[in-house]
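The primary structure of each chain is shown beneath.
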Amino acid sequence: MACTLSMEAQAEGVETRGVVKNRSSFNPYDNNGGTCVAIAGEDYCVIAADTRLSTGFSILTRDASKIVQLSEKSVLGTSGFQADMKTLQKMLNAKNQVYRHQHNKEMSCPAMAQLLSNTLYYKRFFPYYTFNLLGGLDNEGKGCVYTYDAVGSYERVGYSVQGTGQQLVVPVLDNQLKSASPLLYPPQSTATPLTESEAVDIVKDTMASAGERDIYTGDAVEVVIINRQGIRRETFPLKKD
Amino acid sequence: MFRNQYDTDVTTWSPAGRLHQIEYAMEAVKQGSASVGLRSDTHVVLATLKRAASELSSYQRKIFKIDDHLGIAISGLNADGRVLSRYMRSECINHSFVYESPMPVGRLVCQVADKSQVCTQRSWKRPYGVGLLVAGYDSTGPHLYQTCPSGNYFEYRAMAIGSRSQAAKTYLERKFDSFQSCTLKELIRHALLAVKESIQDGELTSKNCSVAVVGRAPGGGGKGGGEIDKFTILEDADIQPYIDMLDAEELPTAVQDEDDEEKKDAPAEPEQQHQTQDGEAAGGSGDGGQEEEGGGEAIPMET
């Protein structure tokens, strides 16, 4: 069993001037682990996430999806606290429906990106404990990836990683994706010039590598590919240890 | 119905036990252009006649999608209809969020009726001047409801509201026994023929009518059957094949030779049905033959 179930209510005694007072506390957050990767290409976008859900040192399930399709051209991958993850996904779905009724069209990926940022900042003082990656095709059909922090600060990038395996995967992508440097001036798009199948291979390899060293990443990786033809999902096994 | 001293506000009863303001509100529904709804064992179809304020203006929108499984046709004050549709959409979205399942049709209709009733019992409000035909498909099957400004609601197998709706109702009363087992195409045809009865002058064209369908294509067996056909509105170019189908099918009954031609076409129909039954709401009896080459079978998914 795990040593610290951080969501349980705790009570501890505090001694002040010879008097012991019992102080209770409750941590509303938990980290359910996992890694999310997203890569934008010329006319495609790949988002992948492992399917392991953990708490403390235990595994809750080997079969939980972290990726959800929000609209025709946008897909959201989230890691962090699963309850907040699910609620955030439901909120965005509802807001997307309202948008479709009001504007009579699907939300574009940049529009969804802004909506997600606003939704996160709305809870600036009791945040969604989620680390998000939004992927899809922009209005010109080019791949785009938006990366977020827990309170909605976001940026469009060519590739990004969030979650417990972030530090393990990012250097590998920096090295392998052959994207333009983010330090260039004038700025160039950091989307990768690689083909879709090359990007998927890199994703599979990096998730497998993350699974080797990060205890919270493993079991299986779900890969979602968005391109002109549509959206498809594939699943590949990872080590279960 | 003429003016009397008890009809100034909705909170005054007449000595005859009537609330005249509510009845006047229902008059507003009768002044709106016709809406027709009918259902079979698998689908519900709405058909409406659109009105244009002038030759220069567009036709008023009569059908609103509320959710993937639910939609309405309105007759009466368009603005009131829009407001109610916004309320219904919001309720459906909230229900989906909390219960992660589509809102049951009857429950939503009841909520709309309750909301309408409130306006009949407040001195600072007025009743909604719009009647709705609510078409939806939920876990208990396809449903068609009518709501009134009074706050009453009824479930129907077929119904027509709006101006000259009696003519449409007469058609429906004549034919409704056959609706239960109708295919989707036949149901749309009945809906168009019913709404056609309510036209005073002019023809039924793709510009002045709109149709909506929702239901579940018949599949393996009973409830676990085929794909859900999401609420889809057919207008303009999409409705043209069905209007053409009306004309084509009416012709053969007049001429003897063309009757034989119809029979020769009949064996081809089942094949076409299978070809197009890939999750789209097609199928049903064949058309006159010529018209259906172009997108006559497929119903596009979005408004």
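The structure displayed is predicted, hence computed values, not measured ones. (Residues numbered from 1 in each chain as written. Chains lettered and ligands numbered in written order. Predicted model: local features only at pLDDT ≥ 70, side-chain atom pairs only at ≥ 80, totals over all residues. Heavy atoms only, no water.)

1. Considerations on the sheet that holds strand 3 (residues 35-40) of chain A
The strands making up a sheet are joined through hydrogen bonds of the backbone, oriented either antiparallel or parallel. Residues and elements named next belong to chain A. To be explicit about the condition: Strands are labelled as partners when DSSP assigns at least two bridges between them. Counting from the N terminus, the helices are the DSSP runs of H or I reaching at least four residues and the strands are the DSSP runs of E reaching at least two. The angle between two axes is taken between their N-to-C directions and runs from 0 to 180 degrees, where each axis is a line fitted to C-alpha atoms and a helix contributes only its stretch in contact. We call two residues contacting when some pair of their heavy atoms lies within 4.5 Å.
One open sheet accounts for five strands, arranged 12-3-4-13-14; its pairing is antiparallel. Since the sheet does not close on itself, it has two edges, and those belong to strand 12 (159-163) and strand 14 (230-237), each with one partner. Adjacent strand axes in the sheet meet at a mean angle of 15°, parallel and antiparallel pairs treated alike. Two elements, strand 4 (residues 44-50) and strand 13 (residues 220-227), share seven bridges in a ladder whose sense is antiparallel. Within the sheet, the bridge partner assigned to Cys-45 lies in strand 13 and is Ile-226. Lying on the sheet, helix 3 (residues 166-176) is in contact with strand 3 and strand 12; it crosses strand 12 at an angle near 170°. On the sheet, helix 4 (residues 196-213) packs against strand 3, strand 4, strand 13 and strand 14 and is oriented at approximately 15° with respect to strand 4.

2. A look at the pattern of salt bridges
Residues and elements named next belong to chain A. This is how the line gets drawn: Any carboxyl oxygen of Asp or Glu within 4 Å of a side-chain nitrogen of Lys or Arg constitutes a salt bridge here. Relative accessible area decides the class of each residue, using a 1.4 Å probe on protein chains only: under 20% of the type maximum gives buried, over 50% gives exposed, and in between gives partly exposed.
Tallied over the entire structure, the rule returns 20 salt bridges over all chains. A salt bridge links Lys-66 to Asp-50, with the nearest nitrogen and oxygen atoms 3.2 Å apart. Of this pair, Lys-66 sits in the loop between strand 6 (58-61) and strand 7 (67-71) while Asp-50 sits in strand 4, and the two are 16 residues apart along the sequence. There is no split in this pair, since Lys-66 and Asp-50 are both buried. A salt bridge links Arg-233 to Glu-222, with the shortest nitrogen-to-oxygen separation between them at 2.4 Å. With a gap of eleven residues between them, Arg-233 in strand 14 and Glu-222 in strand 13 connect regions that are remote in the sequence.

3. Comments concerning the domain arrangement of chain A
Residues and elements named next belong to chain A. Defined as follows: Note that domain bounds follow an automatic or database assignment of domains. Polar contact criterion, stated in full: a pair of N or O atoms within 3.5 Å, where within protein one must be able to donate a hydrogen and the other to accept it, and residues adjacent in sequence count only if both atoms are side-chain atoms. Think of it as three bins: nonpolar holds Ala, Val, Leu, Ile, Met, Phe, Trp, Tyr, Cys and Pro, charged holds Asp, Glu, Lys and Arg, and polar takes everything else, Gly as well.
Domain parsing of chain A yields domain 1 (1-28) and domain 2 (31-237). For domain 1 and domain 2, the distance between their C-alpha centroids amounts to 36 Å. Tallying the contact residues gives four residues for domain 1 and six residues for domain 2. There are zero salt bridges connecting domain 1 and domain 2. At the junction of domain 1 and domain 2, the tally comes to zero residue pairs in polar contact (both at pLDDT 80 or more). For the side of domain 1 that touches domain 2, the residue count by class is four nonpolar, no polar and no charged.

4. Some remarks on the interface of chain B and chain A
Where we set the bar: Accessible surface is computed with a 1.4 Å probe, and the buried area is the amount of it that two parts give up when combined, taken over both parts together.
With nine residues of chain B in contact, the opposing surface of chain A contributes nine residues. Together, the buried faces of chain B and chain A total about 840 Å²; carbon and sulfur atoms form 53% of this surface. Run the count over chain B and chain A and you get one salt bridge. Inspection of the region where chain B meets chain A yields three residue pairs in polar contact (both at pLDDT 80 or more). Every element with two or more residues in the side of chain B that touches chain A is listed here: strand 3 (63-67) and helix 2 (78-99) of chain B.

5. Structural notes on the packing of helix 1 (residues 82-103) of chain A against helix 2 of chain B
As a reminder, the rule being used: By definition in this entry, angles of less than 35 degrees are roughly parallel, angles greater than 145 are roughly antiparallel, angles of 65 to 115 are roughly perpendicular, and the rest are oblique. Left-handed describes a crossing in which the near helix is turned anticlockwise from the far one by less than a right angle; the clockwise case is right-handed.
Between helix 1 of chain A and helix 2 of chain B, the least distance of the axes is 10 Å, while the angle of their chain directions is 160°. Here helix 1 of chain A lies roughly antiparallel to helix 2 of chain B, going by the angle between them. Handedness of the helix 1 of chain A/helix 2 of chain B crossing: right-handed. When helix 1 of chain A is examined against helix 2 of chain B, the residues Thr-87, Lys-90, Met-91, Ala-94, Gln-97, Val-98 and His-101 of chain A are found in contact with a partner set consisting of Arg-89, Ile-93 and Phe-97 of chain B.

6. Brief notes about the nonpolar core
Soluble globular proteins tend to bury their nonpolar side chains together. Residue and element names in this part refer to chain B. Put simply, the rule is: Take the buried residues of types Ala, Val, Leu, Ile, Met, Phe, Trp, Tyr and Cys, join any two whose side-chain atoms come within 4.5 Å, and each joined set is a nonpolar core.
One finds Leu-172, Ile-188 and Val-211 to be the most contacted residues of the largest nonpolar core, which totals 32 residues. Looking at this core, the elements that each hand over two or more residues are strand 1 (35-39), strand 2 (43-49), strand 8 (158-161), helix 4 (165-175), helix 5 (184-196), strand 9 (209-216) and helix 6 (240-250). Counting residues per element, this core draws most heavily on helix 5, which supplies eight residues. Every residue in contact with Val-211, bar those within four places of it in the chain, is listed here: Val-45, Leu-46, Ala-47, Ile-63, Ile-188, Leu-192, Thr-232, Ile-233, Leu-234 and Ile-239.

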